[in-house]
Amino acid sequence: MSTFKLTIEYDGTDYHGWQVQPGMTTIQGMLQKAVKRIVGKGVHVMGAGRTDSGVHALGQVASLRAEFSHPPDTLRRALTSVLPPDIVVTAVEEMDNDFHAQRWAKWKRYRYTLLTRPYPSAIERRYALFVPYPLKIDAMADAARALIGTHDFSAFQAAHSSVKSSVRTVLVAEFRQEGDHLSFEIVAGGFLRHMIRIIMGTLLDVGRGRLRPEELKAILEGKDRNHASKTISPHALCLLEVGYQPFGVYSEKSVQQSALSITNAPLTRPSASLSHWRGDGGEGLRLAAER
């Protein structure tokens, strides 16, 4: 038996999220069927995180244990050949036997993409939220700063969640404007159910002038879901990367990937600088686009 780490890209539009659900088509379910076709027996595929229905991924990570004696890249090619075209295994690595995609993950990076122009896009309708009204971007960025650090995010989790603790540590929360696209990137050690989508809905209300930037901080400290804004659509949310080392200086690969988007936003690397930040997790560096 060997342990493998899979990096996976997928368009989540036609799936009921990551996790296997009876009678539903899910990413995990499709991967487990594909692995069974290759190795001849059922194998559990453990994901680093459970993306919601309609959420996409460029860098989801999963682990599995299976009897497979060929090189890891052979498994990658075999999996991609039997998976549907909207799920692609981009890398396979053989790992130590105790590797676990979920337990070993130290942080995850997500992006929520807004299309900010007077008319929608036929091509990007699956990957960006169309916002036809003007936004106060500086106010949104000011409000987002309150998220950084270790907080109780009860106000930004789905109702009736059953997690033992709603305390999470956010390492990065920032906006980047690229043409008509405004993207919000957030890095944290973990996320609550619907947390990013509720945060983004609240930030949009700040951008429209319905909330003042300081009110987001008050909502966070109040720990009451009823005071935050609505949960917005999942289709503009994408899991970019899962980290297995302490969050610090981005590698060259990560910096290049940060410029990528599954929309038609420019795919070239933006002008960027590394700026210091300090949160409860200690000193670090984060990528901040120069404007």
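For the structure, see preceding data.
Residues numbered from 1 in each chain as written. Predicted model: local features only at pLDDT ≥ 70, side-chain atom pairs only at ≥ 80, totals over all residues. Heavy atoms only, no water.

Draft legend 1. Structural context of the overall build of the chain. A count of helical and extended segments in the chain gives six helices and twelve strands. Across the 291 residues in the chain, those meeting the buried criterion constitute 53%. Pairs at least 24 residues apart make up 69% of the contacts formed inside the chain by residues separated by at least 6 positions. Of the accessible surface of the chain, which amounts to about 14000 Å², a share of 49% is contributed by carbon and sulfur atoms. (Helix = DSSP H or I, 4+ residues; strand = E, 2+ residues; numbered from the N terminus. Buried < 20%, exposed > 50% of the residue type's maximum accessible area, 1.4 Å probe, protein only. Contact = heavy atoms within 4.5 Å. Areas by Shrake-Rupley, 256 points an atom, 1.4 Å probe, with all protein chains shown as cover.)

Draft legend 2. The pattern of salt bridges, seen in detail. Counted by the stated rule, this structure contains 15 salt bridges. Across the pair Arg212 and Glu215 runs a salt bridge whose closest N-O atoms are separated by 3.7 Å. Through salt bridges with shared partners, one network takes in Arg109, Arg111, Arg176, Glu185 and Glu241. (Salt bridge = Lys/Arg side-chain N within 4 Å of Asp/Glu carboxyl O.)

Draft legend 3. Geometry of the pairing of strand S1 (residues 2-10). Most of S1 sits inside the fold, with eight of its nine residues counted as buried. Relative to strand S3 (residues 56-66), S1 runs antiparallel, the two sharing eight bridges. What sits directly across from Thr7, in S3, is Val61. Where S1 and strand S4 (residues 87-95) come together, eight bridges link them in antiparallel fashion. Of the residues in S4, the one forming a bridge with Thr7 is Ala91. (Pairing = 2+ DSSP bridges.)

Draft legend 4. View of the packing of aromatic side chains. In this structure the tally under the stated criterion is eight aromatic pairs. Here the aromatic rings of Phe99 and Trp104 are separated by 5.2 Å at their centres, their planes lie at 80°, and the arrangement is edge-to-face. An aromatic cluster of at least three residues, connected via ring pairs, comprises Phe99, Trp104 and Tyr244. Above the plane of the ring of Tyr133 lies Arg208, whose end atom (NZ or CZ) is 3.7 Å from the centre. (Phe/Tyr/Trp six-rings, centres within 6.5 Å; stacked < 30°, edge-to-face > 60°. Lys NZ or Arg CZ within 6 Å of the ring centre and 35° of its normal.)

Draft legend 5. Just the packing of helix H1 (residues 27-39) against helix H2 (residues 72-82), in detail. Two numbers describe how H1 lies on H2: the axes approach to 9 Å, and their chain directions differ by 120°. Classified by the interaxial angle, the pair formed by H1 and H2 is oblique. Crossing geometry of H1 relative to H2 is assigned as right-handed. Contact residues: H1 offers Ala34, Val35, Arg37 and Ile38, while H2 offers Leu75, Ala78, Leu79 and Val82. Considering only residue class, the contact of H1 with H2 consists of seven nonpolar, no polar and one charged. (Axes fitted to C-alpha atoms, helices over the stretch in contact; angles between N-to-C directions. Parallel < 35°, antiparallel > 145°, perpendicular 65-115°, else oblique. Left-handed = near helix turned anticlockwise from the far one by under 90°. Nonpolar A, V, L, I, M, F, W, Y, C, P; charged D, E, K, R; others polar.)

Draft legend 6. Spotlight on the packing of helix H3 (residues 137-144) against helix H4 (residues 195-207). Relative to each other, H3 and H4 sit at 135°, their axes nearing to 8 Å. On the basis of the axis angle, H3 is oblique to H4. Here H3 and H4 pass one another in a crossing that is right-handed. In contact with Ala139, Met140, Ala143 and Ala144 of H3, H4 contributes Met200, Leu203, Leu204, Val206 and Gly207. Split into classes, the residues belonging to the contact of H3 with H4 amount to eight nonpolar, one polar and no charged.

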